[in-house]
Number of protein chains: 2
Amino acid sequence: MLTEVLTTIDASRDQNLRDLIDFLKIPSVSTNPDHADDCRLCANFLASHLTKLGLRAEILPTGGHPVVLAKNTHLPTRPTVLVYGHYDVQPPEPLDQWLSPPFEPAVRDGAIFARGTCDDKGQVWCHVAALAAWQQQGGPPVNLTLLFEGEEEIGSRNLKSFVQKYKDQLTADVAVISDTNQFTRGLPAITYGLRGLVYMELALTGPSHDLHSGLYGGAVPNPANILCQILASLHNPDGSVNIPNFYDDVLPISPEERDAWKQLPWDESAFCKELGIPHGNGEAGYTSIERKWARPTLDINGLTAGYQGKGAKTVIPSLATAKVSMRLVPNQDPLKIAAAFEKAVRAKLPDNCKLETSLHSSSGPVLTPITTPAMQAAVKATQTGFNTQQVALMREGGSIPVVLLLKQQLNLDTLMVGFGLDDDRIHSPNEKFELDALHHGTRTCAALYHELSTLKP
Amino acid sequence: MLTEVLTTIDASRDQNLRDLIDFLKIPSVSTNPDHADDCRLCANFLASHLTKLGLRAEILPTGGHPVVLAKNTHLPTRPTVLVYGHYDVQPPEPLDQWLSPPFEPAVRDGAIFARGTCDDKGQVWCHVAALAAWQQQGGPPVNLTLLFEGEEEIGSRNLKSFVQKYKDQLTADVAVISDTNQFTRGLPAITYGLRGLVYMELALTGPSHDLHSGLYGGAVPNPANILCQILASLHNPDGSVNIPNFYDDVLPISPEERDAWKQLPWDESAFCKELGIPHGNGEAGYTSIERKWARPTLDINGLTAGYQGKGAKTVIPSLATAKVSMRLVPNQDPLKIAAAFEKAVRAKLPDNCKLETSLHSSSGPVLTPITTPAMQAAVKATQTGFNTQQVALMREGGSIPVVLLLKQQLNLDTLMVGFGLDDDRIHSPNEKFELDALHHGTRTCAALYHELSTLKP
């Protein structure tokens, strides 16, 4: 049966692309209230397309943009797969940098260009098109629950309550998310690890108002000076993070992972050239891949103090602030790390300054076991989908909070089977999704439903 | 003769205030091109007032706002005193914080409130009113050259070329500037030392574009992290500046100065309370006065990197910048210090970041000998003007570049005899000048011309 499905997909490349183009034309920018109607329109488009394919599709309200929930005809003896994706997109600005308008999809150089092509409408469409091909053969061999939300780009802020409310409808054996990348062009990948995040803000106040640096300088606490001293103290000379207990729960990279990652076709000089730096740097004793995927970090994401305009102003600022985020790895606990950070910062605080801290966000790291039958199914499906034996098992440095949400709320492990490429420019002008990625991704999704059908429910 | 002059001044308080009010009404904001005509009007007002008093007053063009230059009838056997002041003012914004409009002078609580009252129109007026009183007695007993510029608040950018062009007309034996403060209310002061300034900007670039902190964090140089490390390295734990050779030329505070300053009625707890801090801090082993007046500093005046809006953005910035100024003391050389700073910063620079530095401004420190006949004349005049034996000899932490300019271009030592108070809120809303300061200042100027008349020309 899978053979026929794949043949159908191979014959439907043009039709699948045309359907995706209609989906891409809808400017479902979730962060902009002016596009609230477009988000609703986009949900309608998706639900009505799925209904046409023969699924039971619903548009369910949330506190924000709606969720599309769809299911195929239930097969009592088969496992259930929850497919998560999102139909909302990032804002397209700056518009003048787009070679073709962001909501007028254009095909060139073997790719489709528009906002949301890779993140995540194109990858959602891999599932929709795979399902269409299966429906022609009487339906997929698993129970599929498709959950497509409209608020991923604004932090999935209503997803937790949605999942709690519709828990019964979301029961499944495994989850699948297609919102990650291939390792590189031609080497598809399964992502089995994500870093977590703790994002803090520090606001340090010295004098109660800005002062003239000539009249007062040298005799009063300058919060900008002190903030730099505090922040500088948070790293050791070897590049590691200098916060007591920070590494207590860090799972070391296993020798097997190290070996496997060394086999990957990583081009360090191309990596640096793309970033305009002669060489990378970071924690001593680790490669760039290891630093990005499996070691925790502390990065300043924003600094603000004093005069920021052109020229000079001789001011001692009253206030200096920093946004600081830490990427976490298994098995670090975000709240423990946030507390350790705050303790380390306060330990360096002079007693004539005031410090306010706030936690902007936190999410835990993810590590999915790679030896499970589900993971083996994903590898096999990817081999089939991409016509290759080479499938990378990788981790990623970013965070996908919904993976953790599905684990915590529904006790689901997630297979991250994504088809993007590092140069797809998600969140930037001229976002693209390669036509081969769309095609191979659709084949992979179709094969994945097949491979998962033998999973013990 | 001085007795008659002082009697005249005592009898003319109201008239002097009325004249000053007309001067204050003109919004001579030098930085705002919309007020260029007002600056011209203000120069005209001043020149025509001085002409009415019987002086030869000219309005001389510069590359910017004009200079008013005025002289009394020349007395061949008498010394010449160059009086410098400025008729331009700071912008009045924020307007909504003024209790009375900034250019509608209002008298309340024994002070006159308007923009420029203390800085520097009111202090200029002390000289104008003193001169008016002397003119009633046939003119002052010295040759006065009054130089009032209109660009002090924008860096006196045309003053050097003006002084060079009119050098012959500006020859003098001593200079007087009234643009400083009393030590405190009731304790008038002569300022004999100023700190210098080196103001630098650092622009540190890591990756060529902003990066996602999840995807890249830990493997690439973060210029915000590195900038903090560099800046933090510039101080020692004892609060001193950690730049090689920084202290090489620093003139130690003499035991006599230390003793004299300890006699001044300094209220450390009031100083801290006003600033909203439990205690000051700075270089170990020095008092607040010593730190402000006679020790060099390094202060961050501005920090900018990454995301500065509300909330969180997980960005590794490409660029991080800092504005850093150093206050210098005798006998530090600004250009030597700028070079030492740059060398120290570059010594800490990782080889995969790029640093651009720029020098915004520099000026040398000033120390006028306190044992000269001119200084003794200033002390005696202040005693007479304020009816007190107590006159403080003080230094100041800020910089007055024109003092150095007069020294370098005209070889003149400057007597800094000022009448402001620390709480006059110069550059801020509700700037004021106390009516007693105006009166005692006028008396002091009148007495100063008398005391200086015996100076050897």
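Residues numbered from 1 in each chain as written. Chains lettered and ligands numbered in written order. Predicted model: local features only at pLDDT ≥ 70, side-chain atom pairs only at ≥ 80, totals over all residues. Heavy atoms only, no water.

Asks: Hey, could you run me through the overall build of chain A in this one?
Replies: When helices and strands are tallied, chain A shows 15 helices and 18 strands. Compactness check: chain A gives a C-alpha radius of gyration of 24 Å against a globular reference of 23 Å for 457 residues, within 12% of the reference. Projected onto the principal axes, the alpha-carbon positions of chain A cover approximately 80 × 50 × 45 Å. Per-residue burial for chain A yields a buried fraction of 60% across its 457 residues. Pairs at least 24 apart in sequence give 80% of the contacts found in chain A among residues at least 6 apart. By element, 51% of the accessible surface of chain A is carried by carbon and sulfur atoms, the whole surface being about 18000 Å². (Helix = DSSP H or I, 4+ residues; strand = E, 2+ residues; numbered from the N terminus. Rg over C-alpha atoms; globule rule 2.2 N^0.38 Å. Buried < 20%, exposed > 50% of the residue type's maximum accessible area, 1.4 Å probe, protein only. Contact = heavy atoms within 4.5 Å. Areas by Shrake-Rupley, 256 points an atom, 1.4 Å probe, with all protein chains shown as cover.)

Asks: Help me out: how do you make sense of the interface of chain B and chain A in this one?
Replies: Counting from both sides, the interface comprises 72 residues of chain B and, opposite them, 72 residues of chain A. Across the chain B to chain A interface the summed buried area is about 5400 Å²; carbon plus sulfur atoms make up 53%. Counting across the chain B and chain A interface gives 0 salt bridges. At the boundary of chain B with chain A, the tally comes to 44 residue pairs in polar contact (both at pLDDT 80 or more). The element best represented in the side of chain B that touches chain A is strand 11 (residues 299-306) of chain B, accounting for 8 residues. Its residues placed into classes, the side of chain B that touches chain A shows 26 nonpolar, 32 polar and 14 charged. Inspection of the sheet shows strand 11 (residues 299-306) of chain A paired to strand 11 of chain B by 5 bridges, in the antiparallel sense. (Buried area = accessible area lost by both parts, 1.4 Å probe. Salt bridge = Lys/Arg side-chain N within 4 Å of Asp/Glu carboxyl O. Polar contact = N/O pair within 3.5 Å; in protein donor to acceptor, adjacent residues only side chain to side chain. Nonpolar A, V, L, I, M, F, W, Y, C, P; charged D, E, K, R; others polar. Pairing = 2+ DSSP bridges.)

Asks: Help me out: how do you make sense of unusual backbone geometry in this one?
Replies: Comment: phi is negative for the bulk of residues other than glycine, and the bulk of peptide bonds are trans. Residue and element names in this part refer to chain A. In this chain, Asp119 is followed by Asp120 through a cis amide linkage whose omega measures 5°. Locating Asp120 in the fold gives a position in helix 4 (residues 117-135). Here Ser156, not a glycine, exhibits a phi torsion of approximately 50°, which is positive. Mapped onto the elements, Ser156 comes out in the loop between strand 6 (143-149) and helix 5 (159-165). For Asn411, which is not a glycine, the phi torsion comes out positive at approximately 55°. Its location among the elements puts Asn411 in the loop between helix 14 (401-410) and strand 17 (414-418).

Asks: Please explain the confidence of the model for chain A as it appears in this structure.
Replies: Note: predicted coordinates in regions of low pLDDT should not be interpreted at a detailed level. Residues with a pLDDT of 70 or more make up 100% of chain A, whose mean pLDDT is 96. With a pTM of 0.91, the predicted complex shows an ipTM of 0.91. (pLDDT = per-residue confidence, 0-100.)

Asks: What exactly am I supposed to notice about the packing of aromatic side chains here?
Replies: The way to describe two aromatic rings as a pair is by their centre distance and the angle between their planes. Residues and elements named next belong to chain A. A complete count under the given rule lists 20 aromatic pairs over all chains for this structure. With 6.1 Å between their ring centres and 85° between their planes, Phe183 and Trp293 make a pair best called edge-to-face. Here Trp293 lies in helix 11 (residues 288-294) and Phe183 lies in the loop between strand 7 (174-177) and strand 8 (189-194), a separation of 110 residues in the sequence. Overall, the relative accessible area of 8% leaves Phe183 in the buried class. Classification of Trp293 by relative accessible area gives buried; the value is 5%. One aromatic cluster is present, formed by Phe23, Phe45 and Trp125 through successive ring pairs. Its end group placed over the ring of Phe23, Lys121 keeps NZ or CZ at 5.3 Å from the ring centre. (Phe/Tyr/Trp six-rings, centres within 6.5 Å; stacked < 30°, edge-to-face > 60°. Lys NZ or Arg CZ within 6 Å of the ring centre and 35° of its normal.)

Asks: How should I be thinking about the sheet that holds strand 4 (residues 106-108) of chain B in this particular structure?
Replies: Neighbouring strands of a sheet are bound in pairs by backbone hydrogen bonds; such pairs are parallel or else antiparallel. Residues and elements named next belong to chain B. Spatial ordering of the open sheet is given by 4-5-18, a layout of 3 strands whose pairing is antiparallel. Of all strands in the sheet, those bounded by a partner on one side alone are strand 4 and strand 18 (432-434). Averaged over neighbouring strand pairs, the angle between their axes works out to 25° when direction is ignored. Summarising the sheet, strand 4 and strand 5 (residues 111-113) pair through 3 bridges and their orientation is antiparallel. Its bridge partner being in strand 5, Arg108 is matched across the sheet by Ala111. The sheet contacts of helix 4 (residues 117-136) involve strand 5 and strand 18, and relative to strand 18 the element is tilted by about 40°. The sheet contacts of helix 15 (residues 435-452) involve strand 4, strand 5 and strand 18, and relative to strand 18 the element is tilted by about 60°. (Axes fitted to C-alpha atoms, helices over the stretch in contact; angles between N-to-C directions.)

Asks: What's the story with helix 15 of chain B in this structure? I'm lost.
Replies: Every α-helical turn comprises 3.6 residues, leaving residues that sit three or four positions apart pointing alike. The terminal C-alpha atoms of helix 15 of chain B, which comprises 18 residues, lie 25 Å apart, in line with the 26 Å expected from a rise of 1.5 Å per residue. Counting buried positions along helix 15 of chain B gives 16 out of 18 residues, so the element sits mostly inside the fold. (Expected span 1.5 Å × (residues − 1).)

Asks: I'm lost on the relation of the copies chain B and chain A in this one. Help?
Replies: Mapping one chain copy onto the other needs a rotation about an axis and a shift along that axis. In screw terms, the move from chain B to chain A is a rotation of 180° and a rise of 0.1 Å along the axis, fitting with an RMSD of 0.1 Å. What the superposition gives is, in effect, a two-fold axis relating one chain to the other. Among all residues of chain B, the one whose C-alpha sits closest to the rotation axis is Cys228(B), at a distance of 2.2 Å. Take the interface residues of chain B: 100% of them recur as interface residues in chain A, which is what a same-surface contact looks like. (Least-squares fit on C-alpha atoms with pLDDT ≥ 70 in both.)

Asks: I would appreciate a short explanation of the side chain of His439(A) in the present structure.
Replies: Residues and elements named next belong to chain A. Mapping His439 onto the fold places it in helix 15 (residues 435-452). Since its relative accessible area comes to 9%, His439 is described here as buried. If we skip the residues at most four places from it in the chain, His439 touches Ile9, Asp10 and Arg13.

Asks: Would you take a moment to explain the pattern of salt bridges for this structure?
Replies: Side chains that carry opposite charge are capable of pairing whenever their charged atoms lie near each other. Counted by the stated rule, this structure contains 32 salt bridges over all chains. Measuring nitrogen to oxygen at the nearest pair gives 3.2 Å for the salt bridge that ties Asp436(A) to Arg13(A). With Asp436(A) in helix 15 and Arg13(A) in helix 2 (residues 13-24), the pair connects residues that are 423 residues apart, well separated along the chain. By relative accessible area, which is 33% here, Arg13(A) ends up partly exposed. Residue Asp423(B) is joined to Arg185(B) by a salt bridge in which the shortest nitrogen-to-oxygen separation is 3.3 Å. With Asp423(B) in the loop between strand 17 (414-418) and strand 18 and Arg185(B) in the loop between strand 7 (174-177) and strand 8 (189-194), this residue pair connects regions lying 238 residues apart in the sequence. According to the relative accessible area criterion, Arg185(B) is partly exposed, its value standing at 49%. Linked through salt bridges whose partners overlap, the residues forming this network are Arg185(A), Asp423(A), Asp424(A), Lys432(A) and Glu434(A).

Asks: Whenever I open this one, the sheet that holds strand 18 (residues 432-434) of chain A confuses me. Can you help?
Replies: Residue and element names in this part refer to chain A. Read from one edge to the other, the open sheet built from 3 strands follows the order 4-5-18, with strand pairing classed as antiparallel. At either margin of the open sheet sits one strand with a lone partner, and together these are strand 4 (106-108) and strand 18. The average undirected angle you get between the axes of adjacent strands in this sheet is 25°. Strand contacts of helix 4: strand 5 (111-113) and strand 18, with the helix running at about 40° to strand 18, the strand carrying the most contacts.

Asks: Explain the environment of Asp173(B) here, please?
Replies: Residue and element names in this part refer to chain B. By secondary structure assignment, the location of Asp173 is in the loop between helix 6 (167-170) and strand 7. Once the C-alpha coordinates of Asp173 and Thr382 are considered, the two residues, 209 residues apart in sequence, prove to be 20 Å apart. At 2.7 Å, the side chain of Asp173 and the backbone nitrogen of Thr80 are in polar contact.

Asks: So what exactly am I meant to see when it comes to the environment of Ser325(A) here?
Replies: One can find Ser325(A) in strand 13 (residues 319-328). Distance in space between the C-alpha atoms of Ser325(A) and Gln182(A) is 26 Å, their sequence separation being 143 residues. Those residues in contact with Ser325(A) that sit more than four places away from it in its chain are Leu197(A), Val198(A), Tyr199(A), Thr297(A), Leu298(A), Asp299(A), Asn301(A) and Ser213(B). A polar contact is formed between the side chain of Ser325(A) and the side chain of Asn301(A), at a distance of 2.6 Å.

Asks: Explanation requested: the pairing of strand 7 of chain B in the structure shown.
Replies: Each regular strand displays side chains that alternate between the two surfaces of the sheet. Residue and element names in this part refer to chain B. Of the two faces of strand 7, the one holding Val174 and Val176 and the one holding Ala175 and Ile177 are both buried throughout. Looking at chain direction, strand 7 and strand 17 are connected through 3 bridges and run parallel. Bridging from a neighbouring strand, Ala175 pairs with Thr414 of strand 17.

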